[in-house]
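Chain by chain, the residues run as shown.
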Amino acid sequence: MTAPAHADASPLLSVRDLTKHFPIKRGIFGRAAGAVRAVDGVTFDVAPGETLALVGESGCGKSTTGRAILRLIEPTSGSVQFDGQDVLALDAAELRKLRRRMQIVFQDPFSSLNPRMSIGAIVREGLTIHHLAEGGAADARVHQLLEEVGLRPEYASRYPHEFSGGQRQRVGIARALSVEPSFIVCDEPVSALDVSVQAQVVNLLQDLQRERGLAYLFIAHDLSVVEHIADRVAVMYLGHVVELAPVAKLYGEPIMPYTQALLSAVPAPEPGVKRERILLAGDVPSPANPPSGCVFHPRCQHPARDAACAKIVPPLEEKTPGHWAACIKQPPTTVSWDDQRAAGATNPPEFFLPRAALHRSA
Amino acid sequence: MTTPLLELENLHTFFYTDTGVARAVDGVSFAVGVGETVGVVGESGCGKSVTALSILRLVRPPGRIEPGSVMRFEGKDLMALDESEMQHVRGNRIAMVFQEPMTALNPVFTIGDQIGEVARVHAGMNKREALAKAVEMLKLVGIPAPEQRAGEYPHQLSGGMRQRVVIAMALVMNPALVIADEPTTALDVTIQAQILELLGDLTRRLGTSVLLITHDLGVVAENCTRVIVMYAGEVVEEAATSELFAHAHHPYTEGLLGAMPRVGGEKDRLATIPGTVPPPTNWPKGCRFRDRCPYSWERCEAEHPPLYQIGGGHTSRCHLAEEPERRQHPHPPLAAQRGATAA
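Residues numbered from 1 in each chain as written. Chains lettered and ligands numbered in written order. Predicted model: local features only at pLDDT ≥ 70, side-chain atom pairs only at ≥ 80, totals over all residues.

Peer 1: Sorry, what's going on with the overall build of chain A here?
Peer 2: Looking only at helices and strands, chain A features 10 helices and 12 strands. Here the C-alpha atoms of chain A give a radius of gyration of 22 Å, agreeing with the 21 Å that 2.2 N^0.38 yields for 362 residues. Here the C-alpha coordinates of chain A stretch approximately 75 × 60 × 45 Å along the principal axes. By residue count, 50% of the 362 residues in chain A fall in the buried class. For chain A, the share of sequence-separated contacts (at least 6 apart) that also reach a separation of at least 24 residues comes to 65%. (Helix = DSSP H or I, 4+ residues; strand = E, 2+ residues; numbered from the N terminus. Rg over C-alpha atoms; globule rule 2.2 N^0.38 Å. Buried ≥ 20, exposed ≤ 12 C-beta atoms within 10 Å, placed from the backbone. Contact = placed C-beta atoms within 7 Å.)

Next up, the structure:
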């Protein structure tokens, strides 16, 4: 199987079957009594200069995926290749070197900056650790970085508490940029910001990408921001990537019923246009005890859903060129009708796309 | 608007801090009609939440509702009520739904106890009746297995379920007004849709008025009949929702609408509002939005704009109402020229 990759570029980052299980420990000896399957076999590529968005509800494993790629959390299994290097095989010194190329911007601009360090010291730390600049050259570089993210150079001597949320997020971006990475994991970088400031930061991220050819893994739950910034989108549910497609295809013709429900829930900012909603019943099941077969089947609204959905784990398969989805009821599928019948299927696959899932008036 | 249920006139709520007097709410007037859902929008620090707390008289020192502020509710002057009368209004007639359902619930009491407490305190029910009421309310807000859930603790519920519990608590006494302060901000979009649907459905059925405080204009567009835009402690624009989205008058409202990415919208560069809300201890003279405004001119510095009538119940605190031709000549706002947070 070819991986869900960008059509015509060799990938900068390749993630294959990435898995992170957190053991649930019980008793005084801390015996593992089960596992929270936070990330369960995630596969995708990110091309140089591309923005791949990772979307899904809280608890779906999107942040854990981002952190496992950088080995801020050690993955349980799988492989991560960055520019030909096997990230999971690196020792500590090699990993530190690689971190120059892979950076992260965190969600919360209040807790991700050390309150005892000046802005200048925060941005400068990476330069020192990676021996990129010292003394006056480092100062000059810090000033230049602050200017690039739209902060005044004289702010270098100030402390994080003196800044607003948007300004702090700019500091976080300057810190990530200081080591000249080619890839940045943006973990909900604008979720904590007001809409006006959010727009400033989104524009900044896009400008920097254009100027420096940065690739982003943009983790977010806000689907309108994602449509604006992403080239491709991967939708996660309960630790699995359930759909992956170029942004226009995903929003124009969402295939996986979960994606359809997610899109229908986005409020339409036009009064009088009361959107139809696909209201999902119940809550997301616990990742410690995920449903069998398709993890989404207990909440699925696909008319052909049947007993096979609870038995067969749907492969993430290419439904149309570049558009990958995991659903055995959306044709075409590599899971044959015979196999489905053997698993108790009564309804043959049948294409389903509710109007409620679409935002553009066709 | 229908008969007014709540009327605010010239509400001032100040906080007396070490760094000066923070004029968090600085002369706010608006009304909410019977059965109406009114949205209040604006960035953090605009005074939305303090307005809500003021209506319930829950402002704590060093904060104070200033003399001269008028709040009329169901014909009563809220400012004239003593604490026990005010307590009767809270919970019975006006209820509040907070943003963070985890902090709004007490972690050491069961869900049933907490919903029941409202019925015990405000309706004098005994323990058994109160528990029955709690179960009934849980059923009303669509919580499965309500009898069992009533015996559970908040940490056993998901965020969406907790927010349903908070809504159940708010509706126990069938209040005339529910103030919902960012009720869905902490929730995922699918859960947000469920909760707003629920809140809309219940309040429609019960004829409850809702004051919906939010920073999400999409939420306003779908749920509110009228919108109040707040900036720097003041109302800067008020209009029917469709009018506001089609013909925003105040440059701040225009900026908020432009900064919002829309699914299915144009993929142009997002419009931004440079700079940030100024500190409430030091609101700028003249128009408070002046520094961030692309149309500001001399008059905006010299003269604090009143709320101009634009027509049809649409008001705007902007001198453009008198000099509309100025809109033809936008310029980079002062905040952007200074380069502090140029986008």
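Peer 1: I tried to follow the interface of chain B and chain A on my own but got confused; where do I start?
Peer 2: Between chain B and chain A, the residue contacts involve 42 residues of the former and 40 residues of the latter. When contributions to the side of chain B that touches chain A are tallied by element, the ones reaching two or more residues are helix 7 (159-171), helix 8 (189-206), helix 9 (217-223), helix 10 (241-246) and helix 11 (251-259) of chain B. For the side of chain B that touches chain A, the element with the most residues is helix 8 of chain B, which contributes six residues. Classifying every residue of the side of chain B that touches chain A gives 18 nonpolar, 16 polar and eight charged. (Nonpolar A, V, L, I, M, F, W, Y, C, P; charged D, E, K, R; others polar.)

Peer 1: Could you clarify how one ought to interpret the packing of helix 4 (residues 111-123) of chain B against helix 5 (residues 127-140) of chain B in this entry?
Peer 2: Helix-helix packing: each pair is described by the crossing angle between the helix axes and the interaxial distance. All names here are of chain B. Running from N to C, helix 4 and helix 5 point in directions that differ by 115°, and their axes come no closer than 8 Å. The angle between the axes of helix 4 and helix 5 places the two elements in the roughly perpendicular class. The two elements helix 4 and helix 5 meet at a crossing, and its hand is right-handed. Across the interface between the two elements, Gly112, Ile115, Gly116, Ala119 and Arg120 of helix 4 pack against Ala130, Leu131, Lys133, Ala134, Val135 and Met137 of helix 5. Tallied by class, the residues present in the contact of helix 4 with helix 5 amount to seven nonpolar, two polar and two charged. (Axes fitted to C-alpha atoms, helices over the stretch in contact; angles between N-to-C directions. Parallel < 35°, antiparallel > 145°, perpendicular 65-115°, else oblique. Left-handed = near helix turned anticlockwise from the far one by under 90°.)

Peer 1: For this particular structure, what's the right way to read the sheet that holds strand 2 (residues 31-46) of chain A?
Peer 2: Consider a sheet: its strands pair through backbone hydrogen bonds, and that pairing is either parallel or antiparallel. Residues and elements named next belong to chain A. One open sheet holds the four strands; their spatial order is 2-1-4-5, and the pairing between them is antiparallel. Every interior strand has two partners, whereas the edge strands, strand 2 and strand 5 (85-86), have only one. Pairing of strand 1 (residues 13-26) with strand 4 (residues 77-82) involves five bridges; the strand directions are antiparallel. What sits directly across from Arg16, in strand 4, is Ser79. (Pairing = 2+ DSSP bridges.)

Functional significance is not addressed by these values, which are geometric in nature.
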